[in-house]
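Topology and contacts: notes
One letter stands for each residue in the lines below.
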Amino acid sequence: MPVTLVYIDHARWSADEHLRLDLQRIFEDAPVTRLPASGVEDFIEHHLARRQFFACAHFNEHLLAAVAINEADDRAWWLSELCVRANTRRRGVGSRLMALLAERAKQEGRALRIAVDTLPLADQLLLSKLGYRPFSGDTPGADGAGGYVELDPR
């Protein structure tokens with residue numbers, strides 16, 4: 001499946017109704033345990049208002065998966081809220097999105113980080129398979145959390 005990487009920031013969210021609907025559908029398909037409590041549109045707008053953006057897997061004119069990204073002061077990207085549309089799960093779309101992000105991070109010399117304190121064990125195992133390793137430095141997690149994994153671009 002030839003998935004490409006698309007970024008959705010506040011400007012693109014406001015300007016492109018098709019992408020806005022696709023991004024909403026991704027998070028509306030989230031498993032019940034991961035559904036945003038505030039509602040999908042409020043959840044997305046909250047992230048975008050905090051100057052975050054979404055990296056999305058794009059295929060056949062539609063967004064199939066998304067992950068929220070927050071850029072840290074050291075230029076590292078903190079990833080959270082990965083979600084894949086229900087009808088494309090178990091087909092490698094989420095892994096492909098993470099691989100595309102890893103390629104982009106390497107090109108830009110960025111580390112990718114994910115706080116793992118609240119992640120289910122299955123997600124932590126997947127991250128390990130994708131090459132993410134526990135980080136042992138003193139940099140705290142995205143919002144002050146201590147436990148995280150990192151994919152170093154080097």
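Residues numbered from 1 in each chain as written. Predicted model: local features only at pLDDT ≥ 70, side-chain atom pairs only at ≥ 80, totals over all residues. Heavy atoms only, no water.

To continue, consider the pattern of salt bridges. Counted under the stated rule, the structure contains seven salt bridges. Between R113 and D74 there is a salt bridge, and its shortest N-O distance comes to 2.9 Å. Placement of R113 in strand β5 (residues 112-115) and of D74 in the loop between β3 (62-71) and β4 (77-84) is noted, with a sequence separation of 39 residues between them. Between R113 and E150 there is a salt bridge; the shortest N-O distance is 2.5 Å. (Salt bridge = Lys/Arg side-chain N within 4 Å of Asp/Glu carboxyl O. Helix = DSSP H or I, 4+ residues; strand = E, 2+ residues; numbered from the N terminus.)

Inspection of the secondary structure puts V6 in strand β1 (residues 4-8). Residue class for V6 comes out buried when judged on its relative accessible area of 12%. Remark: the alpha-carbon pair of V6 and F59, spanning 53 residues in sequence, is separated by 9.9 Å. If near-sequence neighbours (up to four positions away) are discounted, V6 is found in contact with R12, F54, A55, C56, H58 and L63. (Buried < 20%, exposed > 50% of the residue type's maximum accessible area, 1.4 Å probe, protein only. Contact = heavy atoms within 4.5 Å.)

Another aspect to go through is the packing of aromatic side chains. Considering all chains together, one arrives at seven aromatic pairs under this definition. With 5.7 Å between their ring centres and 80° between their planes, F53 and W77 make a pair best called edge-to-face. Within this pair, whereas F53 is found in strand β2 (residues 53-59), its partner W77 is found in strand β4, the two being separated by 24 residues in sequence. With a relative accessible area of 15%, F53 lands in the buried category. One aromatic cluster is present, built from ring pairs that chain together Y7, F53 and W77. R20 extends its terminal NZ or CZ atom over the ring of W13, reaching a point 6.0 Å from the ring centre. (Phe/Tyr/Trp six-rings, centres within 6.5 Å; stacked < 30°, edge-to-face > 60°. Lys NZ or Arg CZ within 6 Å of the ring centre and 35° of its normal.)

Between its first and last C-alpha, helix α2 (residues 17-28) extends 16 Å over 12 residues, near the 16 Å set by a 1.5 Å rise per residue. Taken as a whole, α2 has its buried residues at L19, D22, L23, Q24, I26 and F27. Next to the buried residues of α2 lie β1, α1 (10-15), α3 (40-49), β2, β3 and β4. Between a side-chain oxygen at the N-terminus of α2 and the backbone nitrogen of H18 the separation is 3.1 Å; the capping residue is D16. (Expected span 1.5 Å × (residues − 1). Polar contact = N/O pair within 3.5 Å; in protein donor to acceptor, adjacent residues only side chain to side chain.)

Below, the discussion takes up the nonpolar core. Counting residues in each nonpolar core, the largest one holds 25 residues, and the members touching the most others are I69, L79, L101, L112 and Y132. Sorting the residues of this core by element identifies β2, β3, β4, α4 (93-108), β5 and β7 (148-151) as the ones contributing at least two each. Among the elements that make up this core, the one with the highest residue count is α4 (six residues). By size, the runner-up hydrophobic cluster in this structure holds 18 residues, among which are V6, L19, A30 and F43. (Core = buried A, V, L, I, M, F, W, Y, C linked by side-chain atoms within 4.5 Å.)

With that out of the way, let us pick up the confidence of the model for the chain. In this model, the chain carries an average pLDDT of 84, and 89% of its residues clear a pLDDT of 70 or more. Segment residues 140-145: pLDDT under 50, and nine contacts once partners within four positions in sequence are set aside and those in other chains are kept. (pLDDT = per-residue confidence, 0-100.)

A few words now on unusual backbone geometry. Across residues other than glycine, the phi torsion is negative in most instances, and most of the peptide bonds are trans. The phi dihedral of R51 is positive, around 65°, even though this residue is not glycine. When you line up the elements, R51 lands in the loop between α3 and β2. Judged by relative accessible area, R51 falls into the exposed class, the value being 77%. Phi is positive for N60, which is not a glycine, with a value near 55°. Position of N60 relative to the elements: it lies in the loop between β2 and β3.

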